[in-house]
Amino acid sequence: MPELAVDPHSFSPPASQATSTAAAELHQSRSPGFAVVVGAVALLGLLWVALLWRYRFWIATNDHAVFQLALEQMSDGEIPLVGTYSRLNFKHPGPIREWLFFFPYLVSGGRAAALPATTIIFHTLMFGLSIRAGWKWASTRGACTAAVSVAIMYVAFGKQLHVPWNPLLAATALFAGAWGLFMFVRTGRWAQAVLCASAAAQMHVSAAPPALVIISIVIGLSALAKTGRWEWDRGADAPRWVGPTALGAFVVMWSGPLVDALNNGRSNTSALLEASSAGDDQLGLSNALALAGRIVHPGEMLAGTYLRPGSEMVTGTGGAVPLAAWALISLLAIGLALRAGTQHDRATIVVLIALSSTAVVSMSRFVPPLFGYLFASVSAISVIAVAVTVSTIVAAVLDDPAVERFAWFDTSAIVAGGVAVLLVGTALGASELNQIVPQRRAIGINGAVHAVVVPGATYAVRAGGNIGALAESEVALQIELSGGDATSDISSLGLPPEDTGAPLFIAAMAGVRQCLIDFKVGQLILDGSIEAVGQDIAIVFLQPNERSKLALCPPL
């Protein structure tokens, strides 16, 4: 009697077995990854609350006052479509910083402390994602490499870890985006690379070229994978919901700049392009290469000065030797990866070359004034380039499987080590306040303005002779915090046009300050000194019928 053919795919287990199998799969999908995510969110939430208390005396000054002012405007329904202002007469590409910080700011009750608290959480999250991406990229070696690079970044931030400054936020976002790209090369998980790179590009325009390269590589490799010419590691793909969610987030985060471009005729885009093509004033390729050599100097990296190089570093000498040394080391890494590495190792080298080349070319197009913060994003790439280059050589010399066999590098040790790096770095970074805060509190701008403002009234804000300070932003912010409505024609403040019939505040320095005092224009509500710039400052308040006196001081 012939045997009956049975289709193995047609067999269905008993209902009870199927139910238990489904429950086991659900449990497996939620553990340990689900538990780690829940634990991380809870830990970050508790840390945020603790940081709110830690920074309870913090006040927003200069650029940070402009930032908090934007959040106050959002509370009134004014949603920004582009980023904050730049001193080069344009606004940064996107408003993601304001959008991300708005909810924590709202939850805190509009406390200024929410800005540094959320900033530290943001940096910690970006660094944590970087270590996780390193693990996905090259297991133990990748996690250790990422952790070392994160530690170097912490050293560079130092007391600035709590400062909600867009170039520093962009640097860590691009850092996480680059590590996300290495993870993508291996696993096909693109969300971190694309979203973090996009956030960096929106926060500060200097991060836009490397971010564009990251996104282009993601698109290119994804296209190759569709044709079968590229393969990801088996079983390394993300859960199904991640892709659509990340795509939706990408569309939402770029909706603001898109709407702005449609409504304003690409005016901000044109200003960005004009600033990036300033001709003879650019730093130049040779100077950029020399600076790159000084940035990757081990002494600069260990001292943390590489992230925001000072003028003596930007225009100094001594970059040729470290640049040549790293070029030789890089050639060794490339040779080892091409000879003995996998396709993923070779792709990593290509990615590093693309990012490093883009960073150097971007620096070459920077125009004066060459402030140190302009180099933060490209310097973050240099940290990764150095760490991954050394890691590649170590792996080739020791043999990757041999590295994996070190007994003390099990999963729990990697997780514990990564968490330790994050907690220690965060604790040290939050240990001290930047000195500009107590100095500004001593001047008393906020109290002087608050004493004059009548809740519900509208006020105008002007500035004159200001040198290296944005005291007008603090005046405008305090008007809003005191219940008034600020108006101004100063573009950096992002306020409604000046109400010419409203009482007027003037933040004045240098000759304008002296003129207002000599001619007794308006009411002098504050006369002090800003140590950070070594200049005296005056805050003058005028009623509408006193505006005619402004003719005595022509700059106003």
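Just above, that's the structure.
Treat the numbers as computed from the prediction; the structure is a model and nothing was measured.

K.L.:
Sorry if this is basic, but what is going on with the overall build of the chain here?
P.N.:
Regarding its fold elements, the chain presents 22 helices and 5 strands. Counting the 556 residues in the chain, one finds 47% classified as buried. At a minimum sequence separation of 6, the contacts of the chain that also span at least 24 residues come to 77%. Surface accessibility of the chain: about 26000 Å² in total, with carbon and sulfur atoms responsible for 64%.

K.L.:
Sorry, what's going on with the packing of helix 4 (residues 96-107) against helix 7 (residues 191-203) here?
P.N.:
Packed helix pairs are specified by the crossing angle of their axes together with the interaxial distance, meaning the distance between the axes. Two numbers describe how helix 4 lies on helix 7: the axes approach to 8 Å, and their chain directions differ by 105°. Considering their axes alone, helix 4 and helix 7 lie roughly perpendicular with respect to each other. Contact residues: helix 4 offers Ile96, Arg97 and Leu100, while helix 7 offers Ala199, Gln202 and Met203.

K.L.:
What's the story with the environment of tryptophan 48 in this structure? I'm lost.
P.N.:
Within the fold, tryptophan 48 resides in helix 2 (residues 33-54). Sequence separation between tryptophan 48 and alanine 117 is 69 residues, and the spatial gap between their C-alpha atoms is 5.7 Å. Apart from the residues within four sequence positions on either side, tryptophan 48 is in contact with Pro104, Val107, Ser108, Ala114, Ala117, Thr118 and Ile121. Here the side chain of tryptophan 48 touches threonine 118 through a polar contact of 3.0 Å, side chain to side chain.

K.L.:
Hey, could you run me through the packing of aromatic side chains in this one?
P.N.:
Each aromatic ring pair is specified by the distance between its two centres and by the angle formed by the two planes. What the rule picks out here adds up to 15 aromatic pairs. Taken together, a centroid distance of 5.7 Å and an interplanar angle of 90° make the contact between phenylalanine 127 and phenylalanine 175 edge-to-face. Of this pair, phenylalanine 127 sits in helix 5 (residues 114-157) while phenylalanine 175 sits in helix 6 (residues 166-187), and the two are 48 residues apart along the sequence. By relative accessible area, phenylalanine 127 is classed as buried at 0%. Ring centres of tryptophan 137 and phenylalanine 182 lie 5.7 Å apart, and the angle between their planes is 35°; this geometry places the pair in the tilted category. In this pair, tryptophan 137 is assigned in helix 5 and phenylalanine 182 in helix 6, connecting sequence segments 45 residues apart. Residue classification places tryptophan 137 among the buried residues on the basis of a relative accessible area of 3%.

K.L.:
Would you explain the environment of leucine 355 in this entry?
P.N.:
Looking at where leucine 355 falls in the secondary structure, it is placed in helix 15 (residues 343-364). Between the C-alpha atoms of leucine 355 and valine 378, which are 23 residues apart in sequence, the distance is 8.9 Å. Not counting residues within four places of it along the chain, the set of residues in contact with leucine 355 comprises Ala178, Leu181, Pro210, Val213, Ile214 and Ile381.

K.L.:
Would you take a moment to explain the sheet that holds strand 4 (residues 523-530) for this structure?
P.N.:
Pairing between the strands of a sheet is mediated by backbone hydrogen bonds and can be parallel or antiparallel. Read across the open sheet, the 5 strands follow the order 2-1-3-5-4; overall the sheet is mixed. In this open sheet, the two edge strands, each paired with only one partner strand, are strand 2 (485-487) and strand 4. Strand-to-strand twist in this sheet, taken as the mean axis angle between neighbours without regard to direction, amounts to 25°. Packing of helix 21 (residues 471-481) onto the sheet brings it into contact with strand 1 (458-464), strand 2, strand 3 (504-509) and strand 5 (535-542), and relative to strand 1 it is tilted by some 170°. Set on the sheet, helix 22 (residues 510-518) makes contact with strand 1, strand 3, strand 4 and strand 5; between it and strand 3 the angle comes to about 125°.

K.L.:
Please explain the state of the cysteines as it appears in this structure.
P.N.:
Two cysteines, two sulfur atoms, one covalent bond between them: this is a disulfide. Per the stated rule, a full pass over the model turns up 1 disulfide. Note that cysteine 515 is cross-linked by a disulfide to cysteine 553, the S-S spacing being 2.0 Å. In this structure, the disulfide formed by cysteine 515 and cysteine 553 twists by about -100° around the S-S bond and is classed as left-handed. Of this pair, cysteine 515 sits in helix 22 while cysteine 553 is found in the segment after strand 5, placing the two residues 38 residues apart along the sequence.

K.L.:
Got a minute to help me understand the packing of helix 6 against helix 15 in this structure?
P.N.:
Taken N-terminus to C-terminus, the directions of helix 6 and helix 15 make an angle of 150°; their axes are 9 Å apart at the nearest point. In terms of their interaxial angle, helix 6 and helix 15 are classed as roughly antiparallel. In the packing of helix 6 onto helix 15, the handedness of the crossing is right-handed. The residues of helix 15 that touch helix 6, namely those facing Ala178, Leu181, Phe182, Val185 and Arg186, are His344, Ala347, Thr348, Val351, Leu352 and Leu355. Here the residues of the contact of helix 6 with helix 15 are counted per class, giving 8 nonpolar, 2 polar and 1 charged.

K.L.:
Looking at this structure, how should I read the pairing of strand 1?
P.N.:
Bridging between strand 1 and strand 2 involves 3 bridges; their strand directions are parallel. Residue threonine 458 lies in a different strand from strand 2, and its bridge partner there is aspartate 485. For strand 1 and strand 3, the ladder comprises 5 bridges, and the chain directions are parallel. Paired with arginine 462 across the two strands is isoleucine 506, which belongs to strand 3.

K.L.:
Explanation requested: the pattern of salt bridges in the structure shown.
P.N.:
When charged atoms on two side chains of opposite charge get close, those side chains can pair. One pass over the full model with this rule turns up 5 salt bridges. Its salt-bridge partner being glutamate 498, residue arginine 547 comes within 2.9 Å of it at the nearest N-O pair. Taken together, the residues span a long stretch of sequence, with arginine 547 in the segment after strand 5 and glutamate 498 in the loop between strand 2 and strand 3 at a distance of 49 residues. You can call arginine 547 buried: its relative accessible area is 14%. Residue classification places glutamate 498 among the buried positions, given a relative accessible area of 11%. Between aspartate 527 and arginine 513 there is a salt bridge, with its nearest N and O atoms 3.2 Å apart. Of the two residues, aspartate 527 is situated in strand 4 and arginine 513 in helix 22; the sequence distance between them amounts to 14 residues. What makes aspartate 527 partly exposed here is its relative accessible area of 43%. We classify arginine 513 as buried; its relative accessible area is 11%. Several salt bridges share partner residues, and in doing so they unite Arg462, Glu498 and Arg547 into one network.

Basis of the calculations
Residues numbered from 1 in each chain as written. Predicted model: local features only at pLDDT ≥ 70, side-chain atom pairs only at ≥ 80, totals over all residues. Heavy atoms only, no water. Helix = DSSP H or I, 4+ residues; strand = E, 2+ residues; numbered from the N terminus. Buried < 20%, exposed > 50% of the residue type's maximum accessible area, 1.4 Å probe, protein only. Contact = heavy atoms within 4.5 Å. Areas by Shrake-Rupley, 256 points an atom, 1.4 Å probe, with all protein chains shown as cover. Axes fitted to C-alpha atoms, helices over the stretch in contact; angles between N-to-C directions. Parallel < 35°, antiparallel > 145°, perpendicular 65-115°, else oblique. Polar contact = N/O pair within 3.5 Å; in protein donor to acceptor, adjacent residues only side chain to side chain. Phe/Tyr/Trp six-rings, centres within 6.5 Å; stacked < 30°, edge-to-face > 60°. Pairing = 2+ DSSP bridges. Disulfide = S-S within 2.5 Å. Left-handed = near helix turned anticlockwise from the far one by under 90°. Nonpolar A, V, L, I, M, F, W, Y, C, P; charged D, E, K, R; others polar. Salt bridge = Lys/Arg side-chain N within 4 Å of Asp/Glu carboxyl O.

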